[in-house]
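# What the coordinates show
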Amino acid sequence: MNTGTDRVKRGMAEMQKGGVIMDVINAEQAKIAEEAGAVAVMALERVPSDIRAAGGVARMADPRIVEEVMKAVSIPVMAKARIGHIVEARVLEAMGVDYIDESEVLTPADEEFHLLKSEFTVPFVCGCRDLGEAARRIGEGASMLRTKGEPGTGNIVEAVRHIRKVNAQVRKIVHMNDDELMTEAKLLGAPFEVLKEIKREGRLPVVNFAAGGVATPADAALMMELGADGVFVGSGIFKSDNPEKFAKAIVEATTHYQDYELIGELSKELGTAMKGIEISSLAPEQRMQDRGW
Amino acid sequence: MVKVGVLGLQGAVREHIRSIEASGAEGIVVKKVEQLSELDGLILPGGESTTMRRLIDRYGFMEPLREFGGQGKPMFGTCAGLIMLAKDIVGYDEPHIGLMDITVERNSFGRQKESFEADLAVKGAADCYTAVFIRAPHIVSVGENTEVLAEYEGRIVAARDRHYLGCSFHPELTDDHRLTEYFVHMAEQAKLAHV
């Protein structure tokens, strides 16, 4: 019997496909998410938009919150550790969290090195803006990817940029000649072996979800249309006027992302979505997507 | 060539389709109730059973799925799909689709860090088969006419009750298509019996 194999870790993310993973900060929100049909919840102390507003250093959530959420629902529970923070990740693993997000939403603990995720039994999800980043994270052992987008802004533009970029670069790799791959690996800063795997399989070897700016059912459907395997919704749900209704609408729009009549129906009278931030108004140090290397 | 559908509301749909095609049948992603009528068999894939149940209800799949089984058309549930098919679920008053005469328990091998792969024998399909268990359920007990096909450390992990097949693990996550072939064969036989 083998635990923590690539197949087991990547397979767990495969089971989440076509689903929505929701940020929650307590048991009550976790139950609303589960009831709405979320495939997993991300247990946090604060959602990204509040982290952004609060400023200061953002760290792993209080383990009591994570524990409370784990007790409240039967769907998988994820939690965030700071980039490169080996101990936060080990603590979450010891608690039995089902997936760890090595996340740029939190303040990085290491400005040079990410976690060596292959050493852990628990699987990891990591953010990426391009194939170089995606392949480096896979090389370190990430079992799932997500776009970075720009978390806590309610603005989808960065997530769109990131998924288009990664998918365009994957297509390029798939159509490349074998003798061109090494130079591409050099240019992307990507592990050669990972690029070979992408070329062989014709796709990324792990699932890639959308994250960072999904605020409406149409946003979720747009990311699916652009090739995301599923959607993370952070501040969008519990910062909206009617979280129950919003959560259900986002799940439904993700499942039936090409049923435009349906998306129109379920977008009616949803109340105000989160306010949102224009990306160009963010100062460089406020851009979470530039964290990670 | 028989047509085998995969309920495509959520979960590992693409992998099952690939496995069905490798087993010599036509694979169809089922997102709407109307699609069921053209199928000779249906796979309920792995995913999140709670989520899948909500979506089955919302899109009115429950009765059509029960009718599908009632017509004698084969159904195969893997992991979350097994939970959907079972007549009894430990700790729950009501089953989901509830067609297969077995009792299952959810997440009975533990959380994700306890997820594992192991080699086991599946009666009638493979002597040595690598089974991938992810937050897997197991079959606590089976009805009188249900045949146990595989066990792991004393727990039942695959069974067949008439035209219903179920397993705790994920045949779609490996390149070994023998269990899918077994199901495609069930669909072929059911089709012949109906003609």
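Rules of the game
Residues numbered from 1 in each chain as written. Chains lettered and ligands numbered in written order. Predicted model: local features only at pLDDT ≥ 70, side-chain atom pairs only at ≥ 80, totals over all residues. Heavy atoms only, no water. Contact = heavy atoms within 4.5 Å. Buried area = accessible area lost by both parts, 1.4 Å probe. Salt bridge = Lys/Arg side-chain N within 4 Å of Asp/Glu carboxyl O. Polar contact = N/O pair within 3.5 Å; in protein donor to acceptor, adjacent residues only side chain to side chain. Nonpolar A, V, L, I, M, F, W, Y, C, P; charged D, E, K, R; others polar. Pairing = 2+ DSSP bridges. Helix = DSSP H or I, 4+ residues; strand = E, 2+ residues; numbered from the N terminus. UniProt positions renumbered as here; feature names shortened; annotations may be inferred. Buried < 20%, exposed > 50% of the residue type's maximum accessible area, 1.4 Å probe, protein only. Axes fitted to C-alpha atoms, helices over the stretch in contact; angles between N-to-C directions. Parallel < 35°, antiparallel > 145°, perpendicular 65-115°, else oblique. Right-handed = clockwise from strand over helix to strand, strands pointing away.

Below, the discussion takes up the interface of chain A and chain B. With 43 residues of chain A in contact, the opposing surface of chain B contributes 38 residues. Here chain A packs against chain B, burying approximately 3300 Å² in sum over the two surfaces, 50% of which is carbon and sulfur. The tally of links between chain A and chain B comes to seven salt bridges. In this structure, the salt-bridge partner of glutamate 252 of chain A is arginine 58 of chain B, at a minimum N-O distance of 3.3 Å. Taken together, the connections running from chain A to chain B amount to 22 residue pairs in polar contact (both at pLDDT 80 or more). In terms of residue class, the side of chain A that touches chain B is made up of 16 nonpolar, 14 polar and 13 charged. With two bridges connecting them, strand E1 (residues 2-3) of chain A and strand E7 (residues 116-122) of chain B associate as antiparallel partners. Residue asparagine 2 of chain A lies in a different strand from E7 of chain B, and its bridge partner there is glutamate 117 of chain B.

Another aspect to go through is the UniProt feature "binding site: D-ribose 5-phosphate" (unreviewed entry) in chain A. Residue and element names in this part refer to chain A. Under the feature "binding site: D-ribose 5-phosphate" (unreviewed entry), the UniProt entry names Asp23, Gly152, Gly213, Gly234 and Ser235. These annotated residues cover 213 residues of sequence, and their C-alpha atoms lie no more than 12.5 Å from one another, placing them together at a single site. Overall, glycine 213 belongs to the buried group, its relative accessible area being 9%. Residues contacting glycine 213, with those up to four places away along its chain left out, are Glu150, Thr153, Gly154, Asn155, Ile156 and Asp219. Mapped onto the fold, serine 235 is located in helix H11 (residues 235-238). Residue serine 235 is classed as buried on the basis of its relative accessible area, which comes to 5%. Filtering out sequence-adjacent residues up to four positions away, serine 235 remains in contact with Asp23, Val47, Pro48, Ser49, Gly152 and Met274.

A word on helix H2 (residues 27-36) of chain A. Along an α-helix, residues three or four apart share an orientation, since each turn contains 3.6 residues. The buried fraction of H2 of chain A is high, at seven of 10 residues. Contacts made by the buried residues of H2 of chain A are with strand E2 (20-24), strand E3 (40-43), helix H4 (63-72), H11 and helix H12 (243-255) of chain A together with helix H2 (49-58) of chain B. At the N-terminal boundary of H2 of chain A, the capping side chain belongs to asparagine 26 of chain A, with an oxygen 3.3 Å from the backbone nitrogen of glutamate 28 of chain A. Backbone geometry just downstream of H2 of chain A places glycine 37 of chain A in the positive-phi region, at approximately 100°.

We now examine the sheet that holds E1 of chain A. The strands that make up a sheet are held in pairs by hydrogen bonds between backbone atoms, and each pair lies either parallel or antiparallel. Here we have three strands laid out as an open sheet, ordered E1(A)-E7(B)-E8(B), and antiparallel in their pairing. Where the open sheet ends on each side, the last strands, each with one partner, are E1 of chain A together with strand E8 (126-133) of chain B. Together, E7 and E8 of chain B form the strand contacts of helix H5 (residues 178-194) of chain B, whose direction differs from that of E8 of chain B by roughly 105°.

Our focus in this paragraph is the packing of helix H10 (residues 217-225) of chain A against helix H13 (residues 260-267) of chain A. Residues and elements named next belong to chain A. Here H10 crosses H13 at 155°, and the two axes come no closer than 9 Å. Taken together, the axis directions place H10 and H13 in an arrangement best described as roughly antiparallel. When H10 is examined against H13, the residues Pro217, Ala218, Ala221 and Glu225 are found in contact with a partner set consisting of Tyr260, Ile263, Leu266 and Ser267. Within the contact of H10 with H13, the residues separate by chemical class into six nonpolar, one polar and one charged.

All names here are of chain B. Within strand E1 (residues 3-7), four of the five residues are buried, which leaves the element mostly enclosed by the surrounding structure. Sheet topology places E1 next to strand E2 (residues 26-30); five bridges connect them, and they run parallel. Note on E2: the bridge partner recorded for glycine 5 is isoleucine 28. Tracing the backbone out of E1, into helix H1 (residues 13-22) and back to the parallel element E2 gives a crossover that is right-handed.

What follows is about the pattern of salt bridges. Enumeration according to the criterion identifies 34 salt bridges over all chains in this entry. In this structure, lysine 172 of chain A and glutamate 184 of chain A form a salt bridge, with 3.3 Å as the shortest nitrogen-oxygen distance. Within this pair, whereas lysine 172 of chain A is found in helix H7 (residues 157-174), its partner glutamate 184 of chain A is found in helix H8 (residues 181-188), the two being separated by 12 residues in sequence. Arginine 14 of chain B is paired through a salt bridge with glutamate 15 of chain B; the nearest N and O atoms lie 3.6 Å apart. In this structure glutamate 15 of chain B comes out as buried when scored by relative accessible area, which is 5%. Within the structure, one salt-bridge network assembled from shared partners comprises Arg129, Glu133, Lys148, Arg287 and Asp290 of chain A.

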